[in-house]
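Listed below are the residues making up each chain.
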Amino acid sequence: MPKDHGIGASPKRREDLRFLTGVGRYTDDINLRGQAHVHFLRSDVAHGRLTSVDTTAAAAMPGVVRIFTGADFEGVGGLPCGWQVTDRHGAPMQEPPHPVLAQGKVRHVGDPIAAVVAETREQARDAAEAIEVEIEELPAVVDMKAAVQDGAPKVHDDLTSNLCYDWGFVEDNREAVDKAIREAAHVTTLELVNNRLVANPMEPRVAVGDYAPGTDESTLYTTSQNPHVIRLLMGAFVLGIPEHKLRVVAPDVGGGFGSKIFHYAEEAFCTFAAKQLRRPVKWTSTRSEAFLTDAHGRDHVTRIELALDADNNFTALRTETYANMGAYLSTFAPSVPTWLHGTLMAGNYKTPLIYVNVKAVFTNTVAVDAYRGAGRPEATYQLERVIDKAARELGVDPIALRRQNFVTEFPYATPVAVEYDTGDYNATMDKLSQIADLAGFEARLADSKARGKLRGLGVNCYIEACGIAPSHLVGQLGARAGLYESATVRVNATGGVVVMTGSHSHGQGHETTFPQVIAEMIGIDEDQVEIVHGDTANTPMGMGTYGSRSLAVGGSAMVRAAEKVINKAKKIAAHLLEASEADIELKDGAFSVAGTDKSVAWGDVTLAAYVPHNYPLEEIEPGLEETAFYDPNNFTFPAGAYACEVELDPETGKVTIERFAAADDFGNVVNPMIVSGQVHGGLAQGIGQALLEGAVYDENGQLLSASYMDYAMPRADDVPFYQVDHSCQTPCTHNPLGVKGCGEAGAIGSPPAVVNAVVDALQRAGHDITHIDMPLSPSRVWAAMQG
Amino acid sequence: MYAFEFERPDTVEAAVAALKTEDAQALGGGQTLIPSLKQRLASPSRLVSLTAIPDLVGVCVADDGAVCIGGATPHVRVAADAAGSYPALAALAANIGDPAVRNRGTIGGSLANNDPSACYPAAALASGATIVTNARRIAADAYFQGLFTTALDEGEIITEVRFPVPEAAHYQKFEQPASRFALTGVFVAKYGDGVRVAVTGASEDGVFRWTEAEDALSADFSAEALAELSVPADGMINDLHGSGAYRAHLVKVLTGRAVAAC
Amino acid sequence: MAQVNMTVNGKPVSGEIEGRTLLSDFLREGLGLTGTHVGCDTSQCGACVVHVDGAAIKSCTMFAAEAAGADVTTIEGMANADGSLGVVQQAFQDHHGLQCGFCTPGMVMSAAALLKDTPRPTEAEIRDYLEGNLCRCTGYHNIVKAIMAASGQDVSAVAAE
Ligand SMILES: Cc1cc2nc3c(=O)[nH]c(=O)nc-3n(C[C@H](O)[C@H](O)[C@H](O)COP(=O)(O)OP(=O)(O)OC[C@H]3O[C@@H](n4cnc5c(N)ncnc54)[C@H](O)[C@@H]3O)c2cc1C
Ligand code: FES
Ligand code: FES
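Residues numbered from 1 in each chain as written. Chains lettered and ligands numbered in written order. Predicted model: local features only at pLDDT ≥ 70, side-chain atom pairs only at ≥ 80, totals over all residues. Heavy atoms only, no water.

A. Quick peek at the domain arrangement of chain A. Residues and elements named next belong to chain A. For chain A, the assigned domains read domain 1 (27-138 + 202-255 + 260-293), domain 2 (374-469 + 634-666 + 673-785) and domain 3 (484-630). Summarising the inter-unit geometry, the C-alpha centres of domain 2 and domain 3 are found 40 Å apart. Counting from both sides, the interface comprises 19 residues of domain 2 and, opposite them, 17 residues of domain 3. Buried surface at the junction of domain 2 and domain 3, both sides included, amounts to about 1,200 Å², of which 62% is carbon and sulfur. Area buried by domain 2 at its contact with domain 3 is led by Ile674, Pro736 and Leu737, which between them contribute 41% of it. Inspection of the region where domain 2 meets domain 3 yields zero salt bridges. The tally of links between domain 2 and domain 3 comes to one residue pair in polar contact (both at pLDDT 80 or more). Of the residues contributing to the side of domain 2 that touches domain 3, the split by class is eight nonpolar, seven polar and four charged. (Domains from an automatic or database assignment. Contact = heavy atoms within 4.5 Å. Buried area = accessible area lost by both parts, 1.4 Å probe. Salt bridge = Lys/Arg side-chain N within 4 Å of Asp/Glu carboxyl O. Polar contact = N/O pair within 3.5 Å; in protein donor to acceptor, adjacent residues only side chain to side chain. Nonpolar A, V, L, I, M, F, W, Y, C, P; charged D, E, K, R; others polar.)

B. Examining the packing of helix H3 (residues 104-117) of chain C against helix H5 (residues 141-150) of chain C more closely. All names here are of chain C. Where H3 meets H5, the axes come as close as 11 Å, and the angle between the chain directions of the two elements is 40°. The orientation of H3 relative to H5 falls into the category oblique. In this structure, the crossing between H3 and H5 has a hand that is right-handed. For the pair formed by H3 and H5, the contact residues are Met107, Ala111, Leu114 and Leu115 on the first element and Ile143, Ile147 and Ala150 on the second. (Axes fitted to C-alpha atoms, helices over the stretch in contact; angles between N-to-C directions. Helix = DSSP H or I, 4+ residues; strand = E, 2+ residues; numbered from the N terminus. Parallel < 35°, antiparallel > 145°, perpendicular 65-115°, else oblique. Left-handed = near helix turned anticlockwise from the far one by under 90°.)

C. Layout of the interface of chain B and chain C. Facing the 30 residues of chain B at the interface are 21 residues of chain C. With both sides pooled, the region where chain B packs onto chain C buries about 2,100 Å², and carbon together with sulfur makes up 56% of that total. At the boundary of chain B and chain C, one finds three salt bridges. Viewed at the interface, chain C and chain B are joined by seven residue pairs in polar contact (both at pLDDT 80 or more). When residues of the side of chain B that touches chain C are traced back to their parent elements, those giving at least two are helix H2 (33-38), strand E3 (46-49) and helix H5 (99-104) of chain B. For the side of chain B that touches chain C, the element with the highest residue contribution is H5 of chain B, accounting for five residues.

D. Just empty space enclosed by the protein, in detail. Residues and elements named next belong to chain A. Following the criterion strictly, the structure yields seven cavities of 30 Å³ or more and no others. Lining of the second largest cavity is provided by 22 residues; of these, Leu79, His98, Tyr264, Thr293 and Ala367 occupy positions nearest its centre. For the lining of the second largest cavity, the secondary structure elements donating two or more residues are helix H7 (265-277) and helix H8 (287-293). Residues belonging to the lining of the second largest cavity are distributed by class as follows: 12 nonpolar, seven polar and three charged. (1 Å grid on protein atoms, 1.4 Å probe; cavity = no way out; pocket = protein on both sides within 12 Å on 5 of 7 lines; lining within 4 Å. Points joined across faces, edges and corners; volume = space filled by probe spheres on them.)

E. Quick look at the packing of aromatic side chains. Counting across every chain of the model gives 33 aromatic pairs over all chains. Between Phe591 of chain A and Trp602 of chain A, the aromatic rings sit 6.1 Å apart at their centres with planes inclined by 25°, giving stacked as the arrangement. Here the residue Phe591 of chain A occupies a position in strand E25 (residues 590-593), and Trp602 of chain A occupies one in helix H16 (residues 602-610), the gap between them amounting to 11 residues. You'll find Phe591 of chain A and Trp602 of chain A in the same group, each marked buried. Centre to centre, the rings of Tyr86 of chain B and Phe163 of chain B are 6.1 Å apart; their planes meet at 75°, and the pair counts as edge-to-face. Within this pair, whereas Tyr86 of chain B is found in the loop between helix H3 (75-81) and helix H4 (87-94), its partner Phe163 of chain B is found in strand E8 (residues 158-163), the two being separated by 77 residues in sequence. According to the relative accessible area criterion, Phe163 of chain B is buried, its value standing at 0%. Every member of this aromatic cluster is reached through a ring pair, and the members are Phe40, Phe68, Phe73, Phe269, Phe272 and Trp283 of chain A. Between Lys359 of chain A and the ring centre of Tyr322 of chain A, over which it is positioned, the NZ or CZ distance is 5.4 Å. Its end group placed over the ring of Tyr2 of chain B, Arg40 of chain B keeps NZ or CZ at 4.4 Å from the ring centre. (Phe/Tyr/Trp six-rings, centres within 6.5 Å; stacked < 30°, edge-to-face > 60°. Buried < 20%, exposed > 50% of the residue type's maximum accessible area, 1.4 Å probe, protein only. Lys NZ or Arg CZ within 6 Å of the ring centre and 35° of its normal.)

F. The arrangement of the site of ligand 1 in detail. Near ligand 1 you find 32 residues, and of these Ala26, Gly28, Gly29, Leu33 and Thr106 of chain B are the closest. Residues within reach of ligand 1 are spread across chains B and C. Gly109 of chain B is positioned with one of its backbone polar atoms (N or O) 3.5 Å from a nitrogen atom of ligand 1. Coverage of ligand 1 by the protein amounts to 94% of the 950 Å² it exposes when considered alone. (Near = heavy atom within 4 Å. Areas by Shrake-Rupley, 256 points an atom, 1.4 Å probe, with all protein chains shown as cover.)

G. Fine view of helix H5 (residues 174-183) of chain A. Residue and element names in this part refer to chain A. Within H5 the residues assigned to the buried category are Val177, Ala180 and Ile181. Looking down the long axis of H5, one finds its buried residues gathered within 100° of arc, a one-sided arrangement. Projecting away from the buried face of H5 at angles above 90 degrees are the exposed residues Glu175, Arg182 and Glu183. Looking at the buried residues of H5, the elements they touch are strand E8 (186-194), strand E15 (300-308), strand E16 (314-326) and strand E17 (353-362). (Arc of directions from axis to C-beta.)

H. Geometry of the nonpolar core. Of all hydrophobic cores here, the largest spans 197 residues; its most connected members are Phe660 of chain A together with Phe92 of chain C. Per-element tally for this core: the top contributor is helix H18 (residues 745-764) of chain A, with 10 residues. Filtering out sequence-adjacent residues up to four positions away, Phe660 of chain A remains in contact with Tyr642, Ala643, Cys644, Leu683, Ile687, Pro720, Tyr722, Gln723, Ser750, Ala753 and Val754 of chain A. If you look at the next biggest cluster of nonpolar residues, it comprises 43 residues, including Ala557, Leu586, Tyr615 and Val739 of chain A. (Core = buried A, V, L, I, M, F, W, Y, C linked by side-chain atoms within 4.5 Å.)

I. Spotlight on the sheet that holds strand E1 (residues 5-7) of chain B. All names here are of chain B. An order of E1-E3-E2 is seen for the three strands of this open sheet, with the pairing classed as parallel. Taken across any chain shown, the strands that pair with only one partner, and hence form the sheet edges, are E1 and strand E2 (24-27). When the angles between neighbouring strand axes are averaged without regard to direction, this sheet yields 25°. Two elements, E1 and E3, share three bridges in a ladder whose sense is parallel. Each residue of the ladder has a partner; that of Glu7, found in E3, is Val48. (Pairing = 2+ DSSP bridges.)

Printed below as a string of structure tokens:
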């Protein structure tokens, strides 16, 4: 019998009631009295020197409140980067300034030149058209390899080149890896592109700035995954507002997938302008604007070499990657191709020697930063593709080759600095072959053939590092922030519980899952527990939601705070029951004295905490509220095995996904329904990356795929029903819930499965094709088939 | 959007009169015009909605057997009401965009816009349809004049489109993965006096007739009749979604499939 | 500015609009019915779908003036009279057919329109019908499942959870 409440149950989501009836409260639903609207005049060239910005005529247009340009931000800070990478030679990365509004130069199409604040959106836009801008156009750098050639035009005049950093990992392994590859029995090499993507949460970004002159307090309502991070970055680095005078609120957020982690210029602008103008200022992104301003994801160009010995054991791995940073360093951009990518290059395998080189490059494109998976999909894709290619070159079964090289003993210290605590990769592979019905493939292949279609099967594994994570570790790696999480558990007098968490939900269902944990711990109903998040005014400082960290880190903080509460409640109970604290047990919402029938209900204890008439006041304070900050001592390592079956129309090159199965090990699972939903969503995004999506710039830095007319989003008929399973569970050993994180797995594990399947289909049909770069659009597949 | 006046007349005469204002523009279902107004790509002084004119909405069969569709008839109506009289046309309409687009978008708007990837132009050209306006009748062969360009004059309204019904016909649409418009679409229509093949989505000059295929199919209406033919890649659209060579290849594949499905 | 009258969720409403006022803006800003969402500017995402005289339309691609006199239903009008969730809404909750909830109003309105025309749609019919509704969160699995369930079909065979 599945449980009906608490940990492991799948109660219906409580947040659904408001979303399904149209009474959710997203940022764009907020309209403040007296608010003005801002329209940003954005560069339509990728690279140029601003020679003049004349706002005279525009300022006189109807409804205009004020027009701001870069000059208005001269004394104001730039948007900070939260992570510093040190390059191979010990030097810090090159870190250019990132002004709120362009100063002197524009560096990508969409770079904001001026901001018009007016009474209405249309008036602001009318006036923006009347601003006279002169730009001396400069040659754009778009291609990464060209960007780092001598003499290439520089995105930032003050930097020595367009190379942000040249990172080697682990630098000390370099020579040993080179030697192992020279001496290997077999080396498989693959060059590939991890295509540039746009996160595209369905809710475009919105910012509403407000200012209260009476208290000198600024408030920003924003579509963010981490309001505290925005408050810290914007307050301390951009606007110079102390945290106690700045409140950041992220109400219901319509998806993020990474793109709403970062601190954006529009947030700083609306907060700044509201204070200057003494009235609220609102900005709502259009989707077209989102394509030009939201940080993009991926965009790596990689060469990977896998060395094997005569028995097909992996002996060494070497990669060289060019990673696009775009025109500016977005909040976490430098960490993505390095610490979130290099550390995962071991995958599920015991390759003893690994060297990863990453060259991060500035180009005249919008900034690139974390997108669902962030670095880990890039690592998984290249590794799982090269293994597949190796198996085909060696004529061995790709699954057998993987199994042969699996890490099987835990804990396992990889040669790329991380230690896997638990896992069982054979178990997920076994589960996969069952749920994917791998045994039935041949029959389905014959059926496809009979219909004139090619069919292919692609299988791969993945591992990821989640629960990001240990502050001491990330600090060594260059993070300029801690990455703990926080929670306050407040018990009300009548026994209800309010959890205030620094985590944030933008679709993950925390309002449902977090109460499941508390309900289990105390033995009360879930509807006695309320979750508060998304507002810096009433939640403790926390780092927010990304990197599949909410339950592993935020949930752990909540558990720790709840444990403190329970410990205190036990003291009160012991007093009420006139027993020793050591004998008090909490079960099903009541405290009892071990071995007796004496008990007192949860609600009586909580009442006593607030009405302390009969209370151990000399020992403990009244009240029942505790806060915990949880900082784990390691990442968590979810892992799994995925299988994709495709059908391919040989005449048109069109690929359809016929079956997709995912067997994941997420450790313990609090809500299986929600976990499956997270996997489904990730799979669609990974399938989207593999078959459909691609942000493409032309050589002048114009974004060609700048709307849904050209950027192909996965739709309902692009995907099948998926088979997902998370019954293989090796609990995480170092967090109290034993959970590992499930938010990104689907997006990490699926692209190689799709590409492996397409290559399989083509090779089965006799085509000598070893690789096609994503997205595997019909035209690309067809072109590859033409040879 | 720039500001404009909005009018919703209920007769063709009133609409024609309203369109005489400088920079006035007709509004069909708005499924193309409204997105372009949002991008400020158009700045009409006045929009004249045609969807409240009862005479412009509906599907009927004329005495000569032609299927006549009112200029402001939404795709959803064509899909339903032409299903018996001209199934291939109804099927084409049923696969334009999505249900919400089909509930609003009109045949007149589609033909007036003449998007190089739109579906209706292929049907109209392959069927040798007549575009009837408030002022005259225009043969499809004379109507389509290149990308987003037609024989329509300023302020001229498509009031009806008359489709002679073929013996057999089929439309094959290969969708562009993002927009789901036709990356390439081929409409094949077999009449007593010969076969017409119209191609959309492929050419830099917009919808066109593939006359070699028409000749071959008029002689032998089978996919095999196309075996020796090929479409030159020159002049085909080359973009992010496919090269000219790919589109040229699709023209042949889709023509064959359309014939086979007839 | 002109006056427009229509019926929204069974109630007569009126408001001042410009020619360019979109129905979505009129609903959201004029009437405060913010359940209807706007997710794109190219008429493709479907977050804004409402019913006008019973037909699903994209309210971002229709002028408010064109809805004069019409009967409009939005997500706010989909619950039962007693406030409980309607059949489609309930199926979405039961089968976890939503995550962030942003696409949800449009999904529910499209699903309701589909079920009106096709009371027992197949999986393929549902997927095809949703061509104009993008969801970035759910991977569509549970949306399709919810719609099948809302139509009274047994979905227990559709992959777990
Ligand atoms: C998401 C989406 C998907 C789509 N997919 C497809 C597709 O797959 N295939 C396809 O073919 N189309 C597709 N379309 C376009 C759709 O079919 C439009 O409805 C059509 O192109 C325009 O028709 P409309 O009635 O909406 O015209 P409007 O947008 O109102 O007008 C378009 C132009 O035609 C003029 N006009 C309108 N009616 C008349 C008339 N009666 N006489 C003279 N001029 C007139 C207008 O002034 C304007 O210039 C899609 C649109 C969208 C939004
Ligand atoms: S907002 Fe209407 S379709 Fe996207
Ligand atoms: S639930 Fe978030 S977009 Fe569909």
